[in-house]
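The residues making up each chain are set out below.
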Amino acid sequence: SSLPFGSTQEAHSAQRLRRAMAPSALGKVLIAGLGLNLAHGADLFLASEVAQETLVRALPVFQIDMYRAMSSGSVGTLTEENDDLASLGGVLKYMMTEVIPEYCNSQTRYIRKYGIDAIVRERFKVKNKPFSLTAGSKYTPQLVDFGPFATFDQGQSTNPDLDSVYTQESGDFVGIQINQDPGYAVFMQDPMFWYSVGGFCPNLPWSQMPHPDGQTTSRCVKEGMCDAKGSRDNPNAKCWENGGDVVMGGLCEDGQDVNNSVPEVNPTGESGCTYSYGKPLAVSLDDLTGITQQDCKGGRKCKDWFDFRHNCVDASLQRMYQIGGTGKIVPAKNISDGKLFCVEFDTHPDCQHDCTNPRCQNSEDYEIAIPFWRGRCDPMANQRRVEALAAAAGIEGALKTHQIVDKDIIKLDATCADPQCAPSIIRGVSHGGPYCSRVFSGTCYNCHIRGASQQVPGFQDWPDCPYGVLQGTDYGPAASPGYPHPACKSAKAGDMCCLYLDSCDGSDDPDKASLDVDGLAMVARRCMKDGSSDPMLKLAARVAKSLGGSLGSNASVVAWAYERWGAVPMWSDDGEPHHKTFD
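For every chain, the first residue of its written sequence is number 1, and the numbers climb from 1 along that sequence. In keeping with the predicted nature of the model, local features appear solely for residues at pLDDT of at least 70, side-chain atom pairs appear and are counted solely at 80 or more, and the whole-chain, interface and lining totals rest on all residues. Side-chain numbers here rest on the full set of heavy atoms in the structure, without hydrogens or water.

S.K.: Would you explain the overall build of the chain in this entry?
M.R.: Per the secondary structure count, the chain includes 16 helices and 23 strands. Whether a residue is buried, partly exposed or exposed follows from its accessible area with a 1.4 Å probe, protein chains only, as a fraction of its type maximum: under 20%, in between, or over 50%, in that order. By the burial criterion, 53% of the 583 residues in the chain qualify as buried. Any two residues whose heavy atoms approach within 4.5 Å at even a single point are treated as in contact. Of the contacts formed within the chain by residues at least 6 apart in sequence, a portion of 62% connects residues at least 24 apart. Secondary structure elements follow DSSP: runs of H or I no shorter than four residues count as helices, runs of E no shorter than two count as strands, and numbering proceeds from the N terminus.

See below:
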């Protein structure tokens, strides 16, 4: 269910990193502004202890919101360490592929899997050691700011391949991985991430394994690593050490801020202090998903998931796909008493792991679900869910301007300075990438500008950059080092490049824009500037009039217009518009 390290995408990233790590590129990206002078190659520089310490001080503290699906009763009671979290899209993907599907649950359960009834938003401050920015390590991560992703179970790292990172390299780090699943469809501009926060004694579980009920971990079963880790004051003798000291994890002293949503403690990037986090904000899943708006017996609305499960009156939800992969729809009955129950979400076996299957193109043909969860194989539906969760989690503009990263984080404009974020430049001209932006979930993520006269190899692996990528800290007029802007192959807005440079032919005035793909692209960007769908509605009204018709004003029309613009050009991965012009 996840993209493993060592994948083709990571290999491409590593190649870009090695190319960029030539002394000149490294000097431009990492050393400019630090007052350092490179006399040797990148490897010698990064091997220098003095340079490492200098780089630690120079790297930025950045802020990012992380999300976790959990029981509401546990919110605020647990310390976030030796744990995995996710981005907005990542946590919803986790819910739809591992938590709520009927096919992966017991039909006699009385709660959602793991008792999950809330999604929590927590603001983290992060500053990793520079190991995560160096080349040559077996586990060099593919994204700026982070180390490799570690999977945790019961507080124990379950990936033996990362053992040496804890004991020989970093010791304490916040990790990341891009989370992809062929059974969950998203647009390229909506990448999903999982994060890991390493803690005290990551090689042992919180408590002795196996539990009396048989619960255990894979490392306990396979390697006999079953002893409880103990406490920081009295650690188990088997706890890993790094440099002669027990690995204490990256949570800074007083780094768990129970009073402020944005933590006051700034991580230093040194051992024992790579992250802090603030007061959690919990979103009720029953309210978010509309379960409390479902009709239950007695002419009332359902109270919660349990009430919905046993008392909802919607016969279309009292069905499920037969266990065993037959694809047959059968009555949803409790095995113990034979009574019907209602299903929150289930999907056809053909679509559980492959959204490209022809059967999976219309949610009515492959899903049984309440309205909120419909369309697991529809990238637009998944984008709408992300924005709905963002709004419920308090992110201003989520439902009006497609804003899914808190504006306070965007305003910080923390640098993405790293070799893999340095655009390829030949003869003084940028090839349209790779650039990096934090608009993607707050994480520095590679993007490119489509339509440059020369495109950097591998650009198809990246989403299109946000419109304002050339105006910020790293690539704007005040950037140091400065980078030349790409040369565009045309001044047509449909080719996109000129949109980033304000150099397109034509008008973005919806009353004057051309009624073709170029006009659509210009007006879509105008919508982003204005933070409103009104320009798109005006343009669409002109098109309707030119065809002898008129444009309605109901909610579906407004939704149609809203889905045709965003923070990036609304083009699909193959270069075609997501929606054919005014289809």
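S.K.: Got a minute to help me understand the pattern of salt bridges in this structure?
M.R.: A pairing counts as a salt bridge when a side-chain nitrogen of Lys or Arg comes within 4 Å of a carboxyl oxygen of Asp or Glu. Scanning all chains against the criterion turns up 26 salt bridges. One salt bridge in this structure joins Asp83 and Arg68, with 2.8 Å as the shortest N-O distance. In this pair, Asp83 is assigned in strand S2 (residues 83–86) and Arg68 in strand S1 (residues 62–70), connecting sequence segments 15 residues apart. Of the residues examined, Arg68 reaches a relative accessible area of 18% and is grouped as buried.

S.K.: Would you mind going over the state of the cysteines with me for this structure?
M.R.: Simply put, disulfide is the name for a covalent bond between the sulfur atoms of two cysteines. Only a pair of cysteine sulfur atoms within 2.5 Å qualifies as a disulfide here. Applying the stated criterion across every chain, the model contains twelve disulfides. Residue pairing for Cys296: its cysteine sulfur links by disulfide to Cys302, the two sulfurs lying 2.0 Å apart. Between Cys296 and Cys302 the disulfide shows an S-S torsion of about 100°. By sign, it is right-handed. Taking the relative accessible area as the measure of exposure, Cys296 reaches 2% and is therefore buried. Taking relative accessible area as the criterion, Cys302 reaches 3% and is therefore assigned buried. There is a disulfide in this structure between Cys416 and Cys444, and the S-S distance comes to 2.0 Å. The sign of the S-S torsion, about -90°, decides the handedness of the disulfide formed by Cys416 and Cys444: left-handed. Placement of Cys416 in the loop between helix H12 (407–412) and strand S20 (425–426) and of Cys444 in the loop between strand S22 (435–437) and strand S23 (445–447) is noted, with a sequence separation of 28 residues between them. For Cys416, a relative accessible area of 2% gives the class buried.

S.K.: Looking at this structure, I do not really get the environment of Arg300. What am I missing?
M.R.: Within the secondary structure, Arg300 sits in strand S15 (residues 300–301). For the pair Arg300 and Cys312, spaced twelve residues apart in sequence, the C-alpha separation works out to 9.6 Å. Ignoring anything within four residues of it in the chain, the contact list for Arg300 reads Gln294, Asp295, Asp307 and Asn311. Here the side chain of Arg300 touches Asp307 through a polar contact of 2.6 Å, side chain to side chain. Two N or O atoms form a polar contact when they lie within 3.5 Å of each other; inside protein one atom must be a possible hydrogen donor and the other a possible acceptor, and for residues adjacent in sequence the pair counts only when both atoms belong to side chains.

S.K.: Looking at this structure, I do not really get the packing of helix H14 (residues 517–530) against helix H15 (residues 534–546). What am I missing?
M.R.: Each pair of packed helices can be summarised by the angle the axes make with each other and by the distance between the axes. Interaxial angle, 0 to 180 degrees, is taken between N-to-C directions of lines fitted to C-alpha atoms, where a helix line uses only the stretch in contact. Across the interface, H14 lies against H15 with an axial gap of 7 Å and an inter-helix angle of 150°. Of the possible angle classes, the one that applies to H14 and H15 is roughly antiparallel. Touching Gly519, Leu520, Val523, Ala524, Arg526, Cys527 and Asp530 of H14 are Pro535, Met536 and Leu539, all from H15. Under the grouping applied here, Gly and all other residues not named as nonpolar or charged are polar, the nonpolar ones being Ala, Val, Leu, Ile, Met, Phe, Trp, Tyr, Cys and Pro and the charged ones Asp, Glu, Lys and Arg. Of the residues assigned to the contact of H14 with H15, the class counts are seven nonpolar, one polar and two charged. Each angle receives one of four descriptions, namely roughly parallel if under 35 degrees, roughly antiparallel if over 145, roughly perpendicular if within 65 to 115, and oblique otherwise.

S.K.: What's the story with unusual backbone geometry in this structure? I'm lost.
M.R.: That bond from Met209 to Pro210 is cis: its omega, -5°, falls within 30 degrees of zero. Inspection of the secondary structure puts Pro210 in the loop between strand S8 (193–197) and helix H7 (218–223). With an omega of -5°, the peptide bond running from Gly433 to Pro434 counts as cis. In this structure, Pro434 sits in the loop between strand S21 (429–430) and S22.

S.K.: Before we go on, may I ask you to explain a nonpolar patch on the surface in this structure?
M.R.: Candidates for patches are residues over 30% relative accessible area with no salt bridge; among them, like charges are joined within 9 Å and nonpolar side chains (Val, Leu, Ile, Met, Phe, Trp, Tyr) within 5 Å. Method for areas: the Shrake-Rupley scheme with a 1.4 Å probe, in which residue coverage is limited to the protein chains shown. Taken together, the side chains of Tyr110, Ile111 and Phe306 present a nonpolar region at the surface, about 320 Å² in accessible area. The topology assignment puts Phe306 in helix H9 (residues 305–311).

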